[in-house]
Amino acid sequence: MADIKALLVDDEESFRNTLCKRLKRRGMTVEQAGSGEEALDLLAAFQPDVILLDVKMPGMDGLTALHKIKEVNPLIEVVMLTGHASMEIAIRGMELGAFDYLMKPVEFEELLYKLEDAFKRKQYHEDRITARSSGS
C-alpha cells in the first residue's frame, strides 16, 4: 500500500482532511483538491495512481472532471464518490471510464479496499503496456 499515490477531490474540506490523514497513516502518498479544476491543475505536478472523486461539487462537477482526467491520463483509475443515491450518475461515470463508485457515507475499510483494487488494475495495465513495448 505504501506505493499508492492517491488524489482526493472533494469540496468538503473536513472530510478530505480526515481521509487524507487516515490514508497517510496507511502509508499512501496523498494530495488533495477542493474542486475539479484544482485537481486538473495538480495532475501536472502530482501523478496519482488513483483518484477519489466526488460527483457533486460547485463549479466543475465530478463527471466533467473524470472526462478531463481520462483525457490527460487514461491509466489513472478513478473511484467516484457520491452522497446522492443516483445510479444514473454512477453508471454514467462507469461509461466515462471510472473504476467504480462508492456511496457516502463510506466505511473507511471499504474505501481502502476499493483504492487498492483500482491501484492493482492500474499496475496491471501498465505492466501489459511495458510488456508490449518491450516486444514480449
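Now for a quick tour of the structure. For clarity, every value in this text was computed on a predicted model and none was experimentally measured. (Residues numbered from 1 in each chain as written. Predicted model: local features only at pLDDT ≥ 70, side-chain atom pairs only at ≥ 80, totals over all residues. Heavy atoms only, no water.)

1. Remarks on the overall build of the chain
Consideration 1: Scanning the chain for helices and strands turns up 5 helices and 5 strands.
Consideration 2: In sequence order, the secondary structure elements of the chain are arranged as β-α-β-α-β-α-β-α-β-α.
Consideration 3: Since a compact globule built from 136 residues should have a radius of gyration of about 14 Å, the 14 Å found for the chain is in line with a globular shape.
Consideration 4: Along the first, second and third principal axes, the C-alpha set of the chain runs to 45 × 30 × 25 Å.
Consideration 5: The buried share of the chain, taken over its 136 residues, is 42%.
Consideration 6: The contacts of the chain with a sequence gap of at least 6 include a subset with a gap of at least 24, amounting to 61%.
Consideration 7: Approximately 7300 Å² of the chain is accessible, and the part contributed by carbon and sulfur atoms is 50%.
Consideration 8: In the chain, 18 positive and 24 negative side-chain charges are present, and the distance between their average locations comes to 3 Å. (Helix = DSSP H or I, 4+ residues; strand = E, 2+ residues; numbered from the N terminus. Rg over C-alpha atoms; globule rule 2.2 N^0.38 Å. Buried < 20%, exposed > 50% of the residue type's maximum accessible area, 1.4 Å probe, protein only. Contact = heavy atoms within 4.5 Å. Areas by Shrake-Rupley, 256 points an atom, 1.4 Å probe, with all protein chains shown as cover. Lys, Arg positive; Asp, Glu negative; His and termini not counted. Charge placed at Lys NZ, Arg CZ, Asp CG, Glu CD.)

2. What to know about the nonpolar core
Consideration 1: Among the nonpolar cores identified, the biggest contains 20 residues, and Leu-23 and Met-28 are the most heavily contacted of them.
Consideration 2: If you list the elements that add at least two residues to this core, you get β1 (5-9), α1 (13-25), β3 (50-54), β4 (77-82) and α5 (108-133).
Consideration 3: With 6 residues, α5 is the single largest residue contributor to this core.
Consideration 4: Sequence-distant contacts of Leu-23, defined by excluding residues within four places in its chain, comprise Leu-8, Met-28, Val-30, Phe-108, Leu-111, Leu-112 and Leu-115. (Core = buried A, V, L, I, M, F, W, Y, C linked by side-chain atoms within 4.5 Å.)

3. Quick word on the sheet that holds β4
Consideration 1: Taken together, 5 strands build an open sheet; the order of strands is β2-β1-β3-β4-β5 and the sheet is parallel. Across the chains shown, the open sheet's two edge strands, defined by having one partner strand only, are β2 (29-33) and β5 (100-103). Here the strands of the sheet are splayed against their neighbours by 20 degrees on average, with no regard to which way each runs.
Consideration 2: Bridge analysis of β1 against β3 gives 4 bridges, and the strand direction is parallel. Residue Val-9 lies in a different strand from β3, and its bridge partner there is Leu-53.
Consideration 3: Here α5 sits on the sheet in contact with β3, β4 and β5, set at roughly 155 degrees to β4. (Pairing = 2+ DSSP bridges. Axes fitted to C-alpha atoms, helices over the stretch in contact; angles between N-to-C directions.)

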